[in-house]
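Here is what each chain is made of, one letter per residue.
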Amino acid sequence: MTHKKINLALQVLPQAEGKNSYDLVDDAIAEIEASGLKYKVCPFETVIEGYYDEVMDLVKRVHIALEKSGTKKLMTYIKIQTVFQEDVTIEDKIHKYE
């Protein structure tokens, strides 16, 4: 695919009987943090920066982690930004707001 970094916005909406959805989202964020990739938690989604294959592999690992945490139903929303000639960074979009 691309040899440049992309940004992927990941929103997971897990459901499990007897479990708080926010706690399950915390499990997803813990998996993202453990990946070592740069990320930014936002109110509705988490933005992850990395190479396409490593970011998509992380999405898979988040799904696996949520299933292990007891998630029975999961809606996942993904947005990807790619610039084929250069890296896409989180800072490019938010540096003026921090």
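See the structure shown above.
The rules behind the values
- In this numbering scheme, every chain counts its residues from 1 along its sequence in written order.
- Totals for whole chains, interfaces and linings use every residue, but because this is a predicted model, local features are given only for residues with pLDDT of at least 70 and side-chain atom pairs only at 80 or more, for both listing and counting.
- Hydrogens and water molecules were not included; the side-chain quantities draw on all heavy atoms of the structure.
- Whenever Lys or Arg places a side-chain nitrogen within 4 Å of a carboxyl oxygen from Asp or Glu, that contact is recorded as a salt bridge.
- Here a helix means four or more residues in a row that DSSP labels H or I, a strand means two or more in a row labelled E, and each is numbered from the N terminus.
- Residue burial is assigned from relative accessible area. The probe radius is 1.4 Å, only protein chains are included, and a residue is buried under 20% of its type maximum, exposed over 50%, and partly exposed in between.
- Axis angles are defined between N-to-C directions and span 0 to 180 degrees, where every axis is a line fitted to C-alpha atoms and, for a helix, only to the segment in contact.
- Any angle from 65 to 115 degrees is called roughly perpendicular, while one under 35 is roughly parallel, one over 145 is roughly antiparallel, and all others are oblique.
- Each crossing is labelled by how the near helix is turned from the far one, with a counterclockwise turn of less than a right angle marking it left-handed and a clockwise turn marking it right-handed.
- Whether two residues touch is decided by their heavy atoms; if any such pair falls within 4.5 Å, the residues are in contact.
- We call Asp, Glu, Lys and Arg charged. Ala, Val, Leu, Ile, Met, Phe, Trp, Tyr, Cys and Pro are nonpolar, and the rest, Gly among them, are polar.

*Asks:* Can you walk me through the pattern of salt bridges in this structure?
*Replies:* Side chains that carry opposite charge are capable of pairing whenever their charged atoms lie near each other. The full count for this structure, using the stated rule, is four salt bridges. With a closest N to O distance of 3.3 Å, Lys-38 and Glu-91 form a salt bridge. With a gap of 53 residues between them, Lys-38 in strand S2 (residues 38-41) and Glu-91 in helix H3 (residues 90-94) connect regions that are remote in the sequence. With a shortest N-O distance of 2.4 Å, Arg-61 and Asp-57 are connected by a salt bridge. Taken together, the positions of Arg-61 and Asp-57, both in helix H2 (residues 52-68) and four residues apart, correspond to about one turn of that helix. Connected via shared salt-bridge partners are Glu-31, Asp-57 and Arg-61.

*Asks:* Could you clarify how one ought to interpret the environment of Glu-17 in this entry?
*Replies:* Relative to the assigned elements, Glu-17 resides in the loop between strand S1 (5-15) and helix H1 (21-34). By relative accessible area, which is 80% here, Glu-17 ends up exposed. Sequence separation of Glu-17 and Ile-6 is eleven residues, and the distance between their C-alpha atoms is 35 Å.

*Asks:* Would you explain the packing of H1 against H2 in this entry?
*Replies:* Helix packing geometry: the angle between the two helix axes and the distance between the axes. H2 packs onto H1 with a crossing angle of 140° between their chain directions and a minimal axis gap of 9 Å. Here H2 runs oblique to H1, going by the angle between their axes. Note that H1 runs across H2; the crossing there is right-handed. Across the interface between the two elements, Leu-24, Asp-27, Ala-28, Glu-31 and Ile-32 of H1 pack against Leu-58, Arg-61, Val-62, Ala-65 and Leu-66 of H2. Taken together, the residues of the contact of H1 with H2 sort by class into seven nonpolar, no polar and three charged.

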